[in-house]
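# Results of the structural survey
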Amino acid sequence: WAWKCATLLRSAKQSYRMLAGDRATRKNLEQLLEEFSDSSNVIIHLDHSVPNALLGDRRESIIDSVNVSRLANHSVYSFSCQSASGIGKRGIDEGVRAWLGYSVEVGFNTIVVDWIRGICLSPIHTFLRGGNFSEAWQGVTDLYEQGIQKVERLKYSKLSQAWLQHNLNGWELQGDGAVIP
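Residues numbered from 1 in each chain as written. Predicted model: local features only at pLDDT ≥ 70, side-chain atom pairs only at ≥ 80, totals over all residues. Heavy atoms only, no water.

## A short note on the overall build of the protein chain
Rules: Put simply, DSSP marks the helices as runs of H or I at least four residues long and the strands as runs of E at least two long, and each gets a number from the N terminus on. Three labels apply to residues, based on accessible area from a 1.4 Å probe with only protein chains included: buried if under 20% of the type maximum, exposed if over 50%, partly exposed otherwise in between. We call two residues in contact when some of their heavy atoms are within 4.5 Å. Where accessible areas are quoted, they stem from the Shrake-Rupley method and a 1.4 Å probe; at the residue level, only the protein chains shown are allowed to cover. Within this scheme the basic residues Lys and Arg register as positive and the acidic residues Asp and Glu register as negative, but His and the chain ends are omitted. Charge positions come from single atoms, namely NZ of Lys, CZ of Arg, CG of Asp or CD of Glu.
Per the secondary structure count, the protein chain includes six helices and seven strands. In terms of overall dimensions, the protein chain has C-alpha extents of about 50 × 30 × 30 Å along its principal axes. The burial tally for the protein chain puts 45% of its 181 residues in the buried class. For the protein chain, the share of sequence-separated contacts (at least 6 apart) that also reach a separation of at least 24 residues comes to 66%. Here the protein chain displays about 9,300 Å² of accessible surface, and carbon together with sulfur accounts for 50% of that area. Distance from the positive charge centre (19 side chains) to the negative charge centre (19 side chains) of the protein chain: 7 Å.

Following this line, the structure appears as structure tokens:
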């Protein structure tokens, strides 16, 4: 989904830097953050995480308690498990302006994978329209609620509905929701 995100940014003529595959390392991210230390940007993380770290290539910890302060003045959108729990809260304490992510392990089955892809990209669309982090949070919340209703109406498996509800329950915005990327 990161490549779809990059395509959206490129088509909107937005400047971005992408660390994908074996380039998604702590060293490369820290170098990039050093380049942008005097500005305010949105950091988009579409990979795995654990409660106390965002992960990159080969599950390397690329942001954790040691370097999360390097995200100060930036805003973070992380579509990954538990990114809003420990590391997200720590980031806000260290000066991150806004953190949008999940406090739970994100789950879904193949029946709703296309819906989840849309949910993943929804904040990017919101930001490209000039929306703020609160609007991005609300847009995803609305999509989850619509998905839950659709799954129920179409009589899909209860598991699909349960995963969507679980993800919605763990979807969080921390910090200043008025931040406009």
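That was the structure; now back to the text.
## Concerning the nonpolar core
Going by this rule: Nonpolar cores were defined as sets of buried Ala, Val, Leu, Ile, Met, Phe, Trp, Tyr and Cys residues, with membership established by side-chain atoms within 4.5 Å.
Grouped together as the largest cluster of nonpolar side chains are 27 residues, with contacts concentrated most on Y77, F79, Y102 and Y144. At the level of elements, α1 (2-11), β6 (98-102), α4 (113-128), α5 (133-153) and α6 (158-169) are the ones that each hand at least two residues to this core. Leaving out residues up to four positions away in the same chain, Y77 has contacts with I43, I44, H45, L46, L100, I119, C120, P123, I124, F127, F133 and W171.

## Quick notes on the packing of α5 against α6
The following threshold applies: Lines fitted to C-alpha atoms define the axes here, with helix axes fitted over just the stretch in contact, and angles between the N-to-C directions of these axes take values from 0 to 180 degrees. The labels follow the angle: roughly parallel below 35 degrees, roughly antiparallel above 145, roughly perpendicular from 65 to 115, and oblique for the rest. In this scheme, a crossing is called left-handed if the near helix is turned counterclockwise away from the far one by less than a right angle; it is called right-handed if the turn is clockwise. Each residue gets one of three labels, nonpolar for Ala, Val, Leu, Ile, Met, Phe, Trp, Tyr, Cys and Pro, charged for Asp, Glu, Lys and Arg, and polar for the others, Gly among them.
At a minimum axis distance of 9 Å, the contact between α5 and α6 shows a crossing angle of 165°. By the criterion of interaxial angle, the relationship of α5 to α6 is roughly antiparallel. Crossing angle aside, the handedness with which α5 passes α6 is left-handed. Contacts between α5 and α6 involve T141, Y144, E145, G147, I148, V151 and E152 from the former and S160, Q161, L164, Q165, N167 and L168 from the latter. Its residues assigned to classes, the contact of α5 with α6 comprises five nonpolar, six polar and two charged.

## Observations regarding the sheet that holds strand β7 (residues 171-175)
The following threshold applies: Any two strands between which DSSP finds at least two bridges are classified as paired.
Spatial ordering of the open sheet is given by β1-β5-β6-β7, a layout of four strands whose pairing is mixed. Looking along the sheet, the strands with just one partner apiece sit at the ends: β1 (42-45) and β7. Strand-to-strand twist across the sheet, computed as the mean angle between neighbouring axes with direction ignored, equals 15°. Taken together, the three bridges between strand β5 (residues 75-78) and β6 define a ladder with parallel strand orientation.

## Topic: the sheet that holds strand β4 (residues 61-63)
The three strands lie next to each other as β2-β3-β4, forming an open sheet whose pairing is antiparallel. What marks the edges here is a single partner per strand, and that holds for β2 (49-50) and β4. Pairing analysis gives two bridges linking strand β3 (residues 53-55) to β4, with the strands arranged antiparallel. Counted as the bridge partner of L54 is I63 from β4.

## Some remarks on the layout of surface pockets
What counts, and what does not: Using protein atoms alone on a 1 Å grid, points that fit a 1.4 Å probe yet trap it form a cavity, whereas open point sets bounded by protein on both sides within 12 Å along at least five of seven lines form a pocket; residues with an atom within 4 Å of a point count as lining. Grid points are joined across faces, edges and corners, and a volume is the space filled by probe spheres set on the points.
One number sums up the size of the largest pocket: a volume of about 1,100 Å³. Considering the residues around the largest pocket, the lining is formed by 39 residues, among which Y16, R17, V42, I43 and I44 are closest to the centre. Ranked by the residues each element gives to the lining of the largest pocket, the list is headed by α1, at five residues. Along the lines of polarity and charge, the residues of the lining of the largest pocket split into 27 nonpolar, nine polar and three charged. Approximately 230 Å³ is the volume attributed to the second largest pocket. Here the residues of the lining of the second largest pocket are counted per class, giving eight nonpolar, two polar and one charged.

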